[in-house]
Amino acid sequence: MSSLLLRNARLLDPEVGEYVEGDLRCADGRIAETGPNLDAPDIRTIDLRGAVVVPGLIDAHVHVTASTADLGSLPAQSPSYVAAHSMDTMGRMLDRGFTTVRDASGADYGLADAQAEGLFRGPRLLFCGRALSQTGGHGDSRGRGTHRHDDHPCCAGLGRIADGVDAVRAAARDELRKGAHHIKVMASGGVASPTDRIDSLQYSADELRAIVEEAEAANRYVAAHAYTARAVNRALELGIRSIEHGNLIDDRSVELFREHDAFLVPTLVTYWALKEEGREFGLPESSWRKVDEVLGAGLEALERAARGGVKIVYGSDLLGGMHRHQNHEFRLRAEVQRPLDVLRSATSVAAELTGLTGEVGTLAPGAHADLLVLDGDPLENIGVVASPERFRLIVQGGIPV
């Protein structure tokens, strides 16, 4: 039963940015029509009495398999145990209003298929499989004293190591073979990796170019983990569509985003959470000490990108027990962005990045009936979206969940 009529709503399609008062009817999991005084007898009807309806939220940078901030420990865990944690994590994401998420490494076709078949409750899952990393890169979780690396596909983990043009082509093709919605590549150092510097440049231009070629050949795209302007700018010049984090971008980065019609996915909340709670949830001390290198710069980078007209997408990047802070990203971004722009980042702009314009992130007829009913006006106070206790109703595929 996915037929539903919501009456007397204030409908806010973020792309339009204006309220329309009326009804919204769902049928067969899709939005069938909107308008005043819709005639739809014999279906479930809910009178919203003026509550606000927005599209279901989209988080474009999650790690649903990251049950701990100690990412290097994941390959030693039982795959079934990691899957159970992932299903619980995704169910809680749905409770926070996120009806679609893009996984930025770790999740695979098994979790995506199980969610789509209704075997567990959670958001629609767009996955990339394992992120591609060079030896000693951000996806290489080995300490200095470890030589062997087990890339067995049954082992949990976020990255796979591939060095050289032929190897990265094969790795990208393998992830695409398994149904990857996008390819993730580590183009600079990171916080959670044990042996690299945050300001390091990773992968050669030829390797990155080969990965982009393989993704484009499959009508997919590449998302790149990158912090510094040097890493971000090179990635954009080589055709990468989505920059994850980007805390240390410069004015040239902004120009390149616009020139290449690329997207920035900041993840401010993860640095806030890692600094406050990272060690409590497994982040090694050596990684915790790296957080300060990117923590303060994130908000400045967001402001620079917003001022320069960059397409900005919502991302959280939380790990382990810190997933519960997922909606706090709305509050952090509101320090430098208008509420409508923050809401668009988690709806219409995220849909554009993922190639799902018209399918999600909108209230237009024909879209998936993924909806969020709010007790409050998000254009006046984005904190309404940041506070799940202010959600009156979450609808997924036309069914209240």
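Refer to the structure presented above.
What you see is a predicted model; the values in this text were computed from it and never measured. (Residues numbered from 1 in each chain as written. Predicted model: local features only at pLDDT ≥ 70, side-chain atom pairs only at ≥ 80, totals over all residues. Heavy atoms only, no water.)

Our focus in this paragraph is empty space enclosed by the protein. Evaluation of the coordinates by the stated rule reveals two cavities of 30 Å³ or more. Volume-wise, the largest cavity comes out at about 40 Å³. Around the largest cavity, the lining residues are P55, G56, T99, T100, R124, E359, V360, G361, T362, H368 and D370. Looking at the lining of the largest cavity residue by residue, the classes come out as two nonpolar, six polar and three charged. Its volume calculated, the second largest cavity comes out at about 30 Å³. Lining the second largest cavity we find H245, G246, N247, L264, P266, L268, G298, A301 and L302. Every element with two or more residues in the lining of the second largest cavity is listed here: strand 13 (242-248) and helix 10 (297-307). When its residues are assigned to classes, the lining of the second largest cavity shows five nonpolar, four polar and no charged. (1 Å grid on protein atoms, 1.4 Å probe; cavity = no way out; pocket = protein on both sides within 12 Å on 5 of 7 lines; lining within 4 Å. Points joined across faces, edges and corners; volume = space filled by probe spheres on them. Nonpolar A, V, L, I, M, F, W, Y, C, P; charged D, E, K, R; others polar. Helix = DSSP H or I, 4+ residues; strand = E, 2+ residues; numbered from the N terminus.)

On to the pairing of strand 13. Judged by how many residues are buried, strand 13 sits mostly within the fold: six of seven residues are covered. Of the pairings in the sheet, the one linking strand 12 (residues 222-228) to strand 13 comprises five bridges and is parallel in character. Across the sheet, residue A226 finds its bridge partner in strand 13, namely H245. In this fold, strand 12 hands off to helix 5 (residues 229-237), which returns the chain to strand 13; that crossover is right-handed. For strand 13 and strand 14 (residues 263-265), the ladder comprises three bridges, and the chain directions are parallel. Paired with E244 across the bridge in strand 14 is V265. In the classification by handedness, the crossover that spans strand 13, the intervening helix 6 (residues 251-259) and the parallel strand 14 is right-handed. (Buried < 20%, exposed > 50% of the residue type's maximum accessible area, 1.4 Å probe, protein only. Pairing = 2+ DSSP bridges. Right-handed = clockwise from strand over helix to strand, strands pointing away.)

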